[in-house]
Every structure is written in C-alpha cells, then in structure tokens.
Amino acid sequence: CSVGLTGTKYGCGGGGCGACTVMVSRYDPIQETVLHWSVTACLQPICSLHGAAVVTVEGIGSTKTKLHPVQERIAKAHGSQCGFCTPGMVMSMYTLLRNNPQPTMEDIRETLGGNLCRCTGYRPIIDGFKTFCNVRTVNSSNGKCCMENSNSHNNESDISGELFSMDNVLPLDPTQDLIFPPELLIMGKKKAERLCFQGEKVRWISPADLKDLIKLKAEYSNAPLLVGNTTIGPKMNLKGTVHPLVLYGGSIPELRTIKWRNNGVTVGAGCSLSVLKDVLLQGIEELGPEKSRVYQALVQTLQCLASKQIRNMATIGGNILSANPKYDLSSILAAAECTLHIVSNDGAREICLSEEFFTDFGKTALRPDEILLAIDIPHSRPWEFVSAFRQAQRREFSFSIVNSGMRVTFRHDSNVVENLDIFYGGVGPTLVKARHTCKELMGRKWDEKLLVVGTQLLEEEIYVPPTAPGGQEEYRKALVLSFFFKFYMQVTLDALKPFKNEVPQANHSFQVETQSSNDPVGRPNVHQAALQQATGEAVYYDDIPSVKGELFVSMVTSTRAHAKIISIDASMALAMSGVVTFISAKDVPGQNRRLWFNNPEELFAEEEVICVGQIIGAIVAETREQAKRASEQVDITYEDIQPVFFTIEEAIEHQSFFDPKRKLERGNLEEGFEKADHILEGELYMGGQEHFYMETQGLIAIPKGEAGELELYVASQHAAYTQEVVGITLGIDSNKITCHVKRLGGGFGGKVMKIASLSAIAATAAYKTGRAVRCVLEREDDMLITSGRSPFLGKYKVGYLNDGTILAADITYYSNGGCTLDESSFIMEKALLHMDNGYKIPNLRGHGLVCKTYLPSYTAFRGFGGPQGLTIIESVLHEVAARCGLPAHQVRDINMYKDEKCYTHHKQLFSPHDMVRCWNECLEKSDYTHRCLSIKQFNAHNHWKKRGISIVPLKFGIGFSKGFYNQVAALVNIYKDGSVLISHGGTEMGQGINTKAIQIASRILKVPMSSIHIKETCTGNVPNAAPSAASFGTDAVGMAVKDGCEKLMRRLEPLIKKHPQFTWQQLVSKTYCQKISLSATGFFMGPHTSVDWEKSDGNAYYYFTFGACCSEVEIDCLTGDHKNIRTDIVMDVGRSINPALDVGQVEGGFVQGIGLYTIEELQFSPEGVLLTRGPSRYKIPALCDIPPQLNVHLLRNADNPHAIYSSKGIGEPPVFFGCTLFFAIKEAIAAARRERGLSESFPFSSPATAEKIRMACEDCFTRMNPPDRKVKTKPWAINV
Ligand SMILES: Cc1cc2nc3c(=O)[nH]c(=O)nc-3n(C[C@H](O)[C@H](O)[C@H](O)COP(=O)(O)OP(=O)(O)OC[C@H]3O[C@@H](n4cnc5c(N)ncnc54)[C@H](O)[C@@H]3O)c2cc1C
Ligand code: FES
Ligand code: FES
C-alpha cells in the first residue's frame, strides 16, 4: 500500500478471477535454478514471499519508460476495454514468456484459463498474444493461418479484416527482462533457518527444515500446516477465519521432492499441481501409453482443475487433506491405490488412500501432529485401465459437481474382472467408494451384462440425499451412473472422451473508410487508455491514494427476507478496535430515501426489512478490515412478518405486482386465433444474471470542510443521479456536490442506481465524521446487495398455420422485480417493445407485469429487458417450427418483416431492409445449409453426442424511450498551446466512448487524436447528464462533441481563411489574442420518443440496430456438458466510427449472452438468501466457453441518417445473440430425444446448464432414479 503500486487489481479475494495475478520468482535449491510462477496475489501470504521476488505489472514496463511487448500487444490488439482484468492478463502472459519465449497456442490457452474478463469476449486478447507464438495454426473455416486472420483483406476491395497491425510493434527480447535479484539468489542457496513473523493477530513460523517442522507440529498440533494457502486463504479472506498460529511448509525441500521408482513415482505432498502435471507428462512420455494410464487420467483432470495460477500455488497434499469431496484428486488417487507417507514425532507410517481416510467433511484420519510427507502414485499394470471423470458448471476453472476415479484390472489376457475400484466425490460429505458394486462385479466378464448389473448395483448403493449441500441430487445420481457407463465404453472402445478445449480463432470484416488518412473516423483506433490500462497506470476509484484521516465504511445488511426490526445493537461493534461510529437511518441529515421517477427506496431500512441483503446500517472504521469485521458484530433482532415469497409463481398467486402494468396490442387476437390451423400454449422461464463487472462498486466521499462542499470519486454510470441523491440525503444543494468519474471497471447497467444509494450512505458517514470515507464492496456483498438482471417468465398462446405462419400471439411477461421497483417497470416496457423482434405477426398482444417479491431489488443490465422480450418470441417461433416439423430458420424466414416500409406493433415506422440483409449474409457466411446437413450426419452417427444449430435475426431499439433522457452536453476547451480538453456527460466503462469522442473531435478540429484529451466525467463541468446506457452514450456524446467542436470551428473560420498557412498552434494563439473564446459547449437534443401505452402507439426509439447470429453446439448427452463450436454474427452498426471498438462490443455482448443463456445460474435458498456469491459459485464465461470459431462481420454499405456520421449504437443488442446457443442446445437435445423415441417438445428453461441438458436427454440412467415426489424435502435452491 505505502509503495502505491495499484496496478494489480482486486476482484474477488478468493483466487477466482485472476485480476490480481503477479509473477513470483524463487531460487529452487532442488533444480538449482530460478523458477517463475504466476500466482493470485490475493491468496499469496506476504510471509511466504521471504526470499522471493515479486513482479507486478508496473515492474515490466510503463508508458513513461518503455512498454513491455505483452503490454503493447494486448493494448494494440484491442484486448483491453474497461481494463480492470488487463494487468492480470498481462502478468499471466508475461510469466509464460519468462518460462517459454516461444509458447504454443495451447500454452496460451492454459495460461489464460484463470483470468476472467467480463468485457472483451477474450478473442482480442488471444489475437494480441498469439503473435508471440512460434506455431502457425490453421483456421479450419478459411484455411488461413491464425496470424493472418486479423490482418486479412477481403477480396471485396473496401472490406478489411485488419483490426490491428503488427507493424512497428516491439519485438520480444528476453535479454531485456528483469533479472532475479542477486542477493535473493545468494539467500536461496544458503541453508534455511527458522523464521518467525508476528502480526496483529497471526504468528507465522517457517521451519528451518523437516525435522524442525515435525517438532513444531508436535508442539502446536492445532496450527494448520499452510503450503499453497488455496484452501485456507479463501476462508481467511472471505469468511474471517483466524488462525493465531500458522506453520508454513512451502520451504521444506522434502515436501517437494519427486522420485521415480520402478513401479511408480513418489511425489512430495508440497508439490504444486503444476509441477505434478509436468512430472506426469514426463512420465507419460517415457513410460508409454499402457504403463501411464493413471498419469493420463490425472493429467486430464489437472488440465481443467482450477486455473494455472491456482495450480501453481495449490499442492497435491493440500488437495487431499482439505477433504473436500468437490476437490478432484482424491477420487482418482484412491482408485489408483496410492499410498500416503506420513511423518510425525512418533516416526513414519503409511496409509493406503481410500474412503476410510476421510472421516467427515474437511476431516481426515491424519492426527493433528502428523504431516503428509509424500504420495506414491503407482504405474499402471498390464491389463489395468484407469479413468477420471468430472462435470462442473463450467468446463474449466470450476469445482466439479461430481468427480470420479475408476480402475479395472483384468485377469491376464481375458475380459474377466480381477479388481475394480470406483470412487465418487460430490455425492456426500466425504469421498465415497462403491464398495458393494465393486465386490459384486469382480470375477465377472466385462460385457453388457456387467454393465447392466453394475448400473443397477450403483443405483442402489450410491445415495445422494435430497438435502445434500448444493442440491441437484437427481442430476448427481445421473452422473454417477453415466460416468460408469462412460468408463465401460472407454475401456471397451476407447470412446466417449470429454470435450477438448480449443483456442478461439476469428474472422472479421468491416468496411474501410476512404477519406484522408488524417481523419480517424471509421478507423480501428486503439482505446484511448489501453496503454495505461495495460501498464497498470490507469486509475480506478480504489486506486486513488488514501486521503488524510480517511475512514472506511462497511454495510450491515438484513439476514431476514421480511421482518420488523425490533432492535439494533451496535455496542459490540463499537467497542472493537478502530471502529469510529455506526450509522443508520437516524444519522441521515436529509431524506433517507433514493427517489427514482416518484418511486422511493429507503437507503437504510428503518422499521421493516423486505429482503435479505437490505442495508440497515453501516460501520465506519479506520481500516477496511476493522469495518468489515465490526459490521458482522452488529446485533439486530427481528420479528418475522408474513407473507414471505420469492418466486414469480408465488407472486402471481399473491397477485403481488408493481404498477404500472403494461399492455401493447396490434390487430385482432381473437380473429387470428380463429383462422389458425393450430393453437399452442407454452411458457419459457429465463433466469436472472449478475453483472459481475470486474471492479466492484464503490466510491470515496471527501468533505471539503467549507460550505458543505463534498467531492465524490465514484464508479457511477450516472454521475448526475448520484449527485442528486447525495444532495437529497444530506439536505445540500447539488451545486456543492461534485461527482468525478474517471473510468469504471465495467458497468453493464449495474452502476446506475445502487451506486447512488451507496454514495449517499458513504456521504452520510463523511458528514457525520467530518472525514473522508471510502466504500469498496467485497464481491460477495456486491452480489448480495446490488442484484442484477431480473428473471422473466413468458406465458404464451400462439395461433399458426401448417406452414409455420404465425397469425396471432398473446404473451404475458412476468418479471421478478424483487422488493422495490428500481428500473423494473422500464425494463418490462423494453421487453414489451421488443416482443415482435423481426417478425410481422399481424395479431400480437403483450402484457407486462413486474412481480413484487421479497428478494433484493433487480436493476438494469445490458439489454435492459430487450433480450428477455426477444428470447420469448424466439421461443414461440422455435416451438411452432418443432410442432410443424419444419426447420426453425424457415419458420423465422416466413414470418419476418420484409416490406420496405414496416410498422412495429407499437406503430413505429421502420425499414427492415438491413435486417434482412444481415439475415441473408449470416446464412451465407455461416454456410448454414451445408452445416445443417453435416449436423444431421453427425447426429445419425453419434448416439451419446449430438449437435444443434440455430440462427436468429435481430431488431433492437436504440435510445431511451423516456424521451427527455435523449440529451447530453459536452464542453470543448482549446488551450493556448493548441491542446484540446473535452469533458462530456458520458462515462467511460470500457465501451470506448472517449476514444470515439476524440475521433470525432479530431475530424472536425483537424488536429491529431494525440492532441485531444478526456480526463474524467465531472458533474461540475457538464451538468444533468443522462446515464451512459441504452446503447446511446456514443450517439449522444458524439453529437454533443461534434456540436461543440463545430461551434469552435465557426469561431476559427475567419482566421483560417485569412491565414491559410497557419499551423493549428498559430491559429489558436491568434484566436486567443483576438479575445475569441476557445471554449464551447456542445449540446445534443435527441428526438422526442414516447409511447402511449393506452393506444399501443408511439415512436419508442430513435432508430433500430439490426443483426443476425448463427451458432452451433455439441452436447454430451451423458454428462450435460456442451461445447460451443462456432458462431457467426453479421451486425449492422451503420458506418462504424471505430470498427475495432464495435467488433469488441459485439463479441463482448455476445459472450455475456453465452453466460446468460448457458452457465450463469443464480441460486437462492428457500429463505431468499443468495447462495451464489463470488466466482467460486457463480460462473461467468471463461476462455474455455468461447467458440473456437467466432466470426463477426459488420454489415457493408449500411447507413443511418439518425446518428452521428451514420453510425449506430451497439452496446446492448449482441447480448441477445447468446440465445442462439440456447436454441442450438435445444435442437441437439431434441435430436437425442427423437432417437430415443421421446417427445421432441420438452420443458427447458434458460440458462441451459449442464444439469438441465443432462436431465432433458432422458435415458435409462435418468429414469432409474425417479425422485420420490411424496417425500417433501426442502429444496437446496429455488427458481425465483
Ligand atoms: C479458485 C480455486 C479453484 C479451485 N478449483 C479446484 C478444482 O477445480 N478442483 C480441485 O480439486 N480443487 C480446486 N481447488 C482447490 C485446490 O486444489 C486446493 O485448495 C489445493 O490443492 C490445496 O492445497 P494448498 O497447498 O493450497 O493447501 P492449503 O490451503 O495450504 O492447506 C489446506 C489444508 O491442508 C493441510 N495441509 C496441506 N499440506 C499438508 C501436509 N503436507 N501435511 C499436513 N497437512 C497439510 C493444511 O493444514 C490445511 O488444513 C481450487 C481452489 C481455488 C482457490
Ligand atoms: S482478486 Fe485475486 S483472484 Fe480475484
Ligand atoms: S476489459 Fe476485461 S474485464 Fe473489462
């Protein structure tokens, strides 16, 4: 902290996001060399770094001195949007290059698997980094080398794919890298001594050697032996666990020794999982396939276990001894009959690793004074087969739901089972052995009869209780049986292997602008702050150095969903060290509410709480840690109130809805239904989504001590609203409150509303104490308090003809709004306004009801109801096609708007011309027809894996339907030296609004982009700005900047004419001397948009953005795993102002859609508590989720008379494209069901998780274990 190195970011505190990645180098006395490891700083105890060198992003290069090629290439390849993940990405890649200056694509894939990015969709990051590869990989779609893809020129002369150029990039020169400090080298070669560190609460002892460790463990047997800290660390960081004494085992050579023996390998318990993997790979190579079967199974598991950084830290011993059945290694090590070598003061002993070793969750048969020294892993014997299985929510970097290790030995030269071992993790509190099954199957022949008997025995033996933590008992039971079947098939036929992860490759195309090279509009310029982001110099709110006397605030939240507050007792917390005060409703000097369009929401709950996570008070303390710990000690007594309910269905039962209830209608429904050949009724449920911006919400409030002035440095998408709410809370006029927004580490709609409440609370604390107050939400609190995208349920009735033409559709949309309205009614309006998508359904009616439940209030999220409205109509089309026995794309095509002039269902005139072009181009570019045939063939030849494909069109409204929001201002200042400073009302959150604004200003002022700067968004410079949202930020800001610049040019014009030879500086200087103002305000007043909901009539949007997307997937019917194979997107962005930024928005939005529709699943307990808090439980797309082929084409010759330079807004629309994966998965499941003679229509809701896919692919395994519906057990989680 005191050094002020803020480049390394903090995103989760539990090793789950990679934002904090740094490189640790150590001299290794065993290998006698310096080794470099990428690690997550949040889990790396400072004391463990004795003798190590740590390199952070600041250490490798800077914009002031020299960039490192890694920094330069990620920036230039457009791999940094909000930039919050970028330092972590850079350090992962840098470490890889330190170890291997010529990596393969697979090395890069492995290295970045643990670095999450919520903005980019990963493709540009890979594009930048693959330039370090020595291998030329070929893209199967076009036969080109991957190095050429991003630099390709299309044969149409004005089309390019060159988003970045490798010209003039710095070469990688390993000789320029930092050397390992010689003093550390000397230290590393010396014999170690015992080291003790004493902290405020923890004593840390690093023993001199093994003997010393054994002695210490005997003396302090309750002290944990910490090695990688990846199990202990998250508990200490996030759960507040304190160990007063810690023994460190990381420096004991015996714990890291590896010895190859004739019949196996002995691996020191302190070997990291990365070392283990390398050792095993070496064994596989040397021993050949037969002897190394155990090692192959282990490597397969290690490849997707955690992330590279975690594998560099986590140890094999720690993995076993954590005794967590979700951890993957014990099941396979037990199946392989491994032996544990244990030492203590009493001597040494050996234990065979089996289920008996694990006595309870987190407990083993190891005595507290004992140390696990090493593990013997035997070679595979002849006639022995070993397999490992795991299935997780996300294929990589995700704890398994169930894992398994299986081994069979046959009698020599026969198929008679001599020995069988089957172990499961994730089916109970400890590792489970299918002992009875194994015993019964021994001596039998390995044939189908054995398979049948074995499956039945397993079904009877392995019981997953309905109350098991994590729930999913039916699914887990299905996995138990499916894994056994897979094992049978793998041994018999070497078939049914898991999916292989691949590196995404991409093709892009966009239209090249042909104007003078000095005019940057339309060019793929790099994000204005990309280099600062890549070097860690970019400043986010929490990077601002602490202000003198600064305090920290931590929220106290409700643990009940609906209850009266009886008492609040903060005395215990107030007595804790460092605590300054407790604040609650009575401390608010102004009004204790946040007002939004006449809907008030309490800042602090006063009398009653209406959801778990509602803020009741806040502790203000000297440090973060003190505030956090004290806030847990505030004692609140409640009296529960009825009713309490959380789900949409329950809200419908209680008729609990917010006002207004909306309706849109065109045509005559009854007539439409009468003329229809068929009527279908159905529904689709779509789960919610967490924003998971990499930077959590927060701010710093600084009282200025004069006239009530207050400055806020805040991560807000709507600074003016934050200013307004803080003013009302403090009872101070807005002119005394200034909000500064430098940049956001991602927003996605989540930093509009709640941040205003948090700011008001921090401001209250600052007001009460008179000191600066910082608020930074921990990831868990952020997820709990700020909520996200609301779940939707669409119930529909549709009338259609035999050829798929839809005559009438009546849809009722229900959203779960949570406990307050927030933006939910506007979100619902947007869903209704998008319910026609690209389809001319003559009779169409939509009702929209926002359910009021006792959950945290849902809020805006990229797309803002659009994806939900669109997906439900797409589901209607999908089902109609299935019922008609027609291809879904044909039914979509038949129903599409095609006339030159069309009217939406709210009577807005538009031309679908460009939508139809996108659709046709997408069909062509994706080779749709041909691929449909290939998929048919694939499905005919594969019983347990199926493929599906889906293509959808898109029409998306841009701008706010609340017309007055379509306005913004910009201030353009020219200084005497000719430099230009722009301030505008938008906020930079990665979308590149500043870059585009500078491109526009550069075109008009005719000065290079490098002379124009945007410092921050500040309410003091540009007042009353609308939120940066609705894909409208650049449109509005661009116009305002243009207006401001044009005003200035008008003032300069007479002088330009008079002195055409003047340079810009001379011109500016002359203008100044003539007393002409060099500052101008630009203003953009958008058109009036509004909807008359009574008449279903209105121009809701400024204009429409169009597109089409096609995706193909493959599913594993036995596990529910799926693999995204290929996606093609054709997008109409008008004349792109910056194709690189626009392609980035398309890819990033689409990848958020991948999450929304496939893996991101929020779980609530039956008591309304959010269970999925943090990256360990909530999975956003990682690199492994990106389709290996992700092609984005910007529509050529597209124009838009309504927006700046004929461009179009692009932020929100692509999220919806994720639904192509959902429908493709549905097609694949339908293919599986068809083959099994099951109905092709089946209930299926979004997200299409592995559990849902598996259970929908009904088969003998899922049917073997029907749940006992009579036994009423409380579910683990509910669908809200
Ligand atoms: C983000 C993240 C993702 C993960 N994903 C996965 C995954 O997908 N699959 C999976 O299997 N695991 C996963 N893990 C778990 C990880 O593999 C284990 O945490 C790790 O292996 C534990 O090793 P460690 O050295 O860090 O243990 P530590 O945290 O240092 O210690 C863990 C426990 O083991 C004890 N211990 C450790 N070594 C010894 C020894 N030699 N003798 C006696 N006691 C000892 C300690 O006292 C402590 O009680 C993940 C962890 C994280 C943080
Ligand atoms: S902050 Fe360390 S991994 Fe997320
Ligand atoms: S750029 Fe990766 S999280 Fe924003």
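Residues numbered from 1 in each chain as written. Chains lettered and ligands numbered in written order. Predicted model: local features only at pLDDT ≥ 70, side-chain atom pairs only at ≥ 80, totals over all residues. Heavy atoms only, no water.

The name that an unreviewed UniProt entry assigns to the protein is FAD-binding PCMH-type domain-containing protein, with the source organism given as Cyprinus carpio carpio. Under the Subunit (unreviewed entry) heading, UniProt states for the protein: "Homodimer." (UniProt positions renumbered as here; feature names shortened; annotations may be inferred.)

Draft legend 1. Representation of the site of ligand 1. Not every one of the 30 residues close to ligand 1 is listed here, only the nearest: Gly228, Thr230, Thr231, Thr315 and Asp328. Within the backbone of Leu372, an N or O atom sits 2.9 Å from a nitrogen atom of ligand 1. Summarising the interface, the protein chains cover 93% of the accessible area of ligand 1, which totals 980 Å² for the free molecule. Listing elements by their share of the shell around ligand 1, those giving two or more residues are β7 (225-226), α13 (316-321) and β15 (371-378). The element that contributes the greatest number of residues to the shell around ligand 1 is α13, accounting for three residues. (Near = heavy atom within 4 Å. Polar contact = N/O pair within 3.5 Å; in protein donor to acceptor, adjacent residues only side chain to side chain. Areas by Shrake-Rupley, 256 points an atom, 1.4 Å probe, with all protein chains shown as cover. Helix = DSSP H or I, 4+ residues; strand = E, 2+ residues; numbered from the N terminus.)

Draft legend 2. Geometry of the side chain of Asp1185. One can find Asp1185 in the loop between α34 (1139-1159) and β48 (1189-1194). For the buried Asp1185, which has no salt bridge, the nearest side chain bearing the opposite charge is Arg394, at an N-O separation of 4.6 Å. Not counting chain neighbours up to four residues away, the residues in contact with Asp1185 comprise Arg394, Asn1124, Ile1154, Ile1159 and Ile1180. (Buried < 20%, exposed > 50% of the residue type's maximum accessible area, 1.4 Å probe, protein only. Lys, Arg positive; Asp, Glu negative; His and termini not counted. Salt bridge = Lys/Arg side-chain N within 4 Å of Asp/Glu carboxyl O. Contact = heavy atoms within 4.5 Å.)

Draft legend 3. Fine view of the pattern of salt bridges. Within the structure shown, the criterion is met by 79 salt bridges. Glu355 is the salt-bridge partner of Arg435, the closest N and O atoms lying 2.8 Å from each other. One end of the pair, Arg435, is in helix α15 (residues 435-441); the other, Glu355, is in the loop between β12 (347-352) and β13 (358-360), with 80 residues separating them in the sequence. According to the relative accessible area criterion, Arg435 is partly exposed, its value standing at 39%.

Draft legend 4. Spatial organisation of the sheet that holds strand β47 (residues 1122-1132). The strand order β4-β20-β48-β47-β46-β40 describes an open sheet built from six strands, whose pairing is mixed. Sheet topology places β4 (159-160) and β40 (945-958) at the edges, where each strand pairs with a single neighbour. Where β4 and strand β20 (residues 508-511) come together, two bridges link them in antiparallel fashion. Each bridged residue has a counterpart across the sheet, and for Ser160 the counterpart in β20 is Phe510. Along the sheet face, α34 touches β20, β46 (1103-1116), β47 and β48 and points at about 135° away from the line of β48. (Pairing = 2+ DSSP bridges. Axes fitted to C-alpha atoms, helices over the stretch in contact; angles between N-to-C directions.)

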